[in-house]
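# Overview (structure and organization)
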Amino acid sequence: MRQEEIDHFIERNLKNFSVNSTGWRNMIRHMLFEFAIGGWNIENDVFGKEKFGELCCNIYSEHEELNITLKNITDKYSRLSTKTCEICGSEGKMRTIDSWQTTLCLSHFLEQQPVIEIDEDLNVKSKGKKILNLKDVTSVEIEYDLQGIWFTGPELDQEEQAYFSWQQPNYYLLLKTVPSHLFAEEIQYDVSELFNNLQDCEICGYKAIHQRECLRCHHEPWNDSASSIEDYGEKSSYIKDCQIELFIDEDDYEKYFKYDRSFEKVPDHQILFSHNDLNEYEKLLF
């Protein structure tokens, strides 16, 4: 088989892959090349798509041995796709944006899920662009459990631009900044209760625990249940393990939420793990 024939097969089939951007293009090229040298009839087309943040390829042969080869190749590149940014092709991770799974590097994740900015004039911005001014808002709707907020007003033409989620840094700062009279009476009470009763989180070091969950790091505070004692033995071991998880930050969560100003830092917060503890934990993890 000549290289020119393989190149033509690859370029012809690239258009058969429905993906979100060009970051996977070289990866798909490599996969198609492996199909060609693995025994696939290059006269036949190959189709694929992105699904739940992963590359899925539709290819099948009635020859059992070839089919095993093809499956090994598709499995290999499906795994690789979950570590490759769909936009730029650099190292990425599976992430969730508005309930959709996608694979992105941290920079493109921040572009897709931008940080909420609020200035002293009550302008609410995203990526430096003004979305609304809280003084112009006429009404507010709140999602269940205060996890999303919609704004309406005379200057807001596109509804989707006026929605913000708890998954965005500074969401709770925004919730706290909204004038209380814009909320329904029962929501006013819920918002007031949330911010007036926050407790200190011994794991991340912020005053952010609400209803037995930290709104910032999403860990639960220690409890003396039988399962907790069986898993960790004592409170300090639980806090230490959770702190190490935050430090290692496999999902870039802390890198993303370093921009968040929603919660007060707890003075004299204690870090319980040592350098040796971190080394031992990494040995188990990696």
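Structural notes, computed from the coordinates. It should be emphasised that the depicted structure is a prediction, and the values quoted were computed from it without experimental measurement.

Here the focus is the sheet that holds strand β12 (residues 199–200). Pairing is antiparallel in the open sheet, where three strands are placed in the order β12-β13-β14. On the outer flanks of this sheet lie β12 and β14 (213–214), each paired with one strand and no other. Examined bridge by bridge, strand β13 (residues 207–210) and β14 share two bridges and lie antiparallel to one another. Bridge pairing links I209 to C214 in β14.

Turning next to the nonpolar core. For soluble globular proteins, the rule of thumb is that nonpolar side chains tend to be buried together. Within the largest apolar cluster, 42 residues are counted, with the highest numbers of intra-cluster contacts made by I149, F151, F164, L174 and L175. Taken together, the elements giving at least two residues each to this core come down to β6 (116–118), β8 (129–133), β9 (139–142), β10 (148–152), α5 (171–177), α6 (185–196), β13 and α8 (235–248). The contacts of I149, once residues within four sequence positions are left out, are V140, E141, I142, A162, Y163, F164, Y171, L174, L175, V178 and F183.

With that settled, consider the sheet that holds strand β3 (residues 54–58). Ordered by their spatial adjacency, three strands build an open sheet running β1-β2-β3, and the pairing between neighbours is mixed. Strand pairing shows two members of the sheet lacking a second neighbour, β1 (17–18) and β3, which therefore form its edges. Of the pairings in the sheet, the one linking strand β2 (residues 47–51) to β3 comprises five bridges and is antiparallel in character. Among the inter-strand pairings, E50 is bridged to a residue of β3, identified as L55.

The next thing to look at is the pattern of salt bridges. Per the counting criterion, the structure on display carries eleven salt bridges. For E34, the salt bridge is made with K76, and the minimal N-O distance between the two is 2.7 Å. Highlighted residues: E34 in helix α2 (residues 25–38) and K76 in helix α3 (residues 64–81), separated in sequence by 42 residues. The partner of E280 in a salt bridge is K283, and the shortest N-O contact between them spans 3.3 Å. Placement of both E280 and K283 in helix α10 (residues 275–285) is noted, with a separation of three residues, approximately one turn of the helix. Judged by its relative accessible area of 46%, E280 falls in the partly exposed class.

Conventions adopted
- Residues numbered from 1 in each chain as written.
- Predicted model: local features only at pLDDT ≥ 70, side-chain atom pairs only at ≥ 80, totals over all residues.
- Heavy atoms only, no water.
- Pairing = 2+ DSSP bridges.
- Helix = DSSP H or I, 4+ residues; strand = E, 2+ residues; numbered from the N terminus.
- Core = buried A, V, L, I, M, F, W, Y, C linked by side-chain atoms within 4.5 Å.
- Buried < 20%, exposed > 50% of the residue type's maximum accessible area, 1.4 Å probe, protein only.
- Contact = heavy atoms within 4.5 Å.
- Salt bridge = Lys/Arg side-chain N within 4 Å of Asp/Glu carboxyl O.

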